[in-house]
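These are the residues of each chain, in order.
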Amino acid sequence: MLLALALATTLNTIQVTPAPGAEAREEMSRLASLAGSWVATIEIMQPDGGWETAGEEMVEIRYMLGGLALREDPAEHPVNPFRLESTIQYDQNRDLYRLAVMDDTWGNMDIYEGEWNEDGALVLTNLRSGTSFENPDGTSLSFRLTTRIDGPNSNVFQIDMTADNGETWRPYQRISRTRYGIDN
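Just so you know, these numbers come straight off a predicted model, no measurement behind them.

Rules and cut-offs
Residues numbered from 1 in each chain as written. Predicted model: local features only at pLDDT ≥ 70, side-chain atom pairs only at ≥ 80, totals over all residues. Heavy atoms only, no water. Phe/Tyr/Trp six-rings, centres within 6.5 Å; stacked < 30°, edge-to-face > 60°. Helix = DSSP H or I, 4+ residues; strand = E, 2+ residues; numbered from the N terminus. Buried < 20%, exposed > 50% of the residue type's maximum accessible area, 1.4 Å probe, protein only. Salt bridge = Lys/Arg side-chain N within 4 Å of Asp/Glu carboxyl O. Pairing = 2+ DSSP bridges.

Participant: Would you take a moment to explain the packing of aromatic side chains for this structure?
Facilitator: A ring pair, where both rings are aromatic, is described by two values, the distance of the centres and the angle of the planes. Within the structure shown, the criterion is met by three aromatic pairs. Here Tyr 97 and Trp 116 contribute two aromatic rings whose centre-to-centre distance is 6.1 Å and whose plane-to-plane angle is 85°, an arrangement assigned as edge-to-face. Here the residue Tyr 97 occupies a position in strand β5 (residues 96-103), and Trp 116 occupies one in strand β6 (residues 109-116), the gap between them amounting to 19 residues. Trp 116 matches Tyr 97 in its accessibility class, with the two residues each being buried. Ring centres of Phe 143 and Tyr 172 lie 6.0 Å apart, and the angle between their planes is 55°; on these two criteria the pair is classed as tilted. A residue pair is termed long-range when its members are at least 10 positions apart, and Phe 143 in strand β9 (residues 140-151) and Tyr 172 in strand β11 (residues 170-179) qualify at 29 residues. Judged by relative accessible area, which is 33%, Tyr 172 ranks as partly exposed. Chaining the aromatic ring pairs together yields one cluster made of Tyr 90, Tyr 97 and Trp 116.

Dropping the structure here:
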């Protein structure tokens, strides 16, 4: 009887901990529809406020590290004169998404952080990380990346820029992705 009571007391005090990475996997599953092959239409904001299409490229986005990260592999023939590689993960210790972006021109690694906004878009900036782009004239540019998932076969990725540490933002580039092989 005493052994049964001791066992019952022990079982009541044992805390069940979730599997490592469970929260991160759950948050990363919100981005599941981004995985796959995409035709990306790149548009650049013009001085008159309109968007001008710069071209299209093929993009691959894939899960890695057992579903704990999504990686966008660079296009073989990018529209921009530089290639970018990016990887996003959810940091369950800080309750935010973190994106690392590397390029093959300047050798910069930008770190973006953020979360979902009230409109259901994932919004990340590099303001907190201090990984702004430094211009030769001494000014620096920071960026805001907004991903809006329109459904399983399309999403829009918009890049806004700021020269005043986020006081004001202006559109810079928009990438509309359509799943490869889907006619819309």
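Next comes the rest of the account.
Participant: How should I be thinking about the pattern of salt bridges in this particular structure?
Facilitator: It is possible for side chains of opposite charge to pair when their charged atoms get near one another. In the structure shown here, the tally under the stated rule is twelve salt bridges. As a salt-bridge pair, Glu 72 and Arg 177 come within 3.1 Å of each other at their nearest N and O atoms. One end of the pair, Glu 72, is in strand β3 (residues 69-73); the other, Arg 177, is in strand β11, with 105 residues separating them in the sequence. According to the relative accessible area criterion, Arg 177 is buried, its value standing at 5%. Here Asp 150 makes a salt bridge to Arg 148, at a shortest N to O gap of 2.8 Å. Exposure remark for Asp 150: the relative accessible area of 42% places this residue in the partly exposed category. Looking at Arg 148, the relative accessible area reads 41%, which means it is partly exposed.

Participant: Please clarify how the side chain of Ser 142 should be interpreted in this entry.
Facilitator: With respect to the helices and strands, the residue Ser 142 is situated in strand β9. Judged by its relative accessible area of 8%, Ser 142 falls in the buried class.

Participant: Would you take a moment to explain the pairing of β6 for this structure?
Facilitator: Along any regular strand the residues' side chains alternate between the sheet's two faces. Where β5 and β6 come together, six bridges link them in antiparallel fashion. Along β6, the bridge assignment pairs Tyr 97 with Gly 114. Taking the residues between adjacent antiparallel strands as the criterion, β5 and β6 are bridged by five residues, where Gly 107 takes a positive phi near 75°. Here β6 runs beside strand β7 (residues 122-125); their pairing, made up of four bridges, is antiparallel. Within the sheet, the bridge partner assigned to Gly 114 lies in β7 and is Leu 124. Here β6 folds back onto β7 in antiparallel fashion, the turn holding five residues, of which Gly 120 has a positive phi close to 85°.

Note that all results are geometric; they support no functional claim without further evidence.
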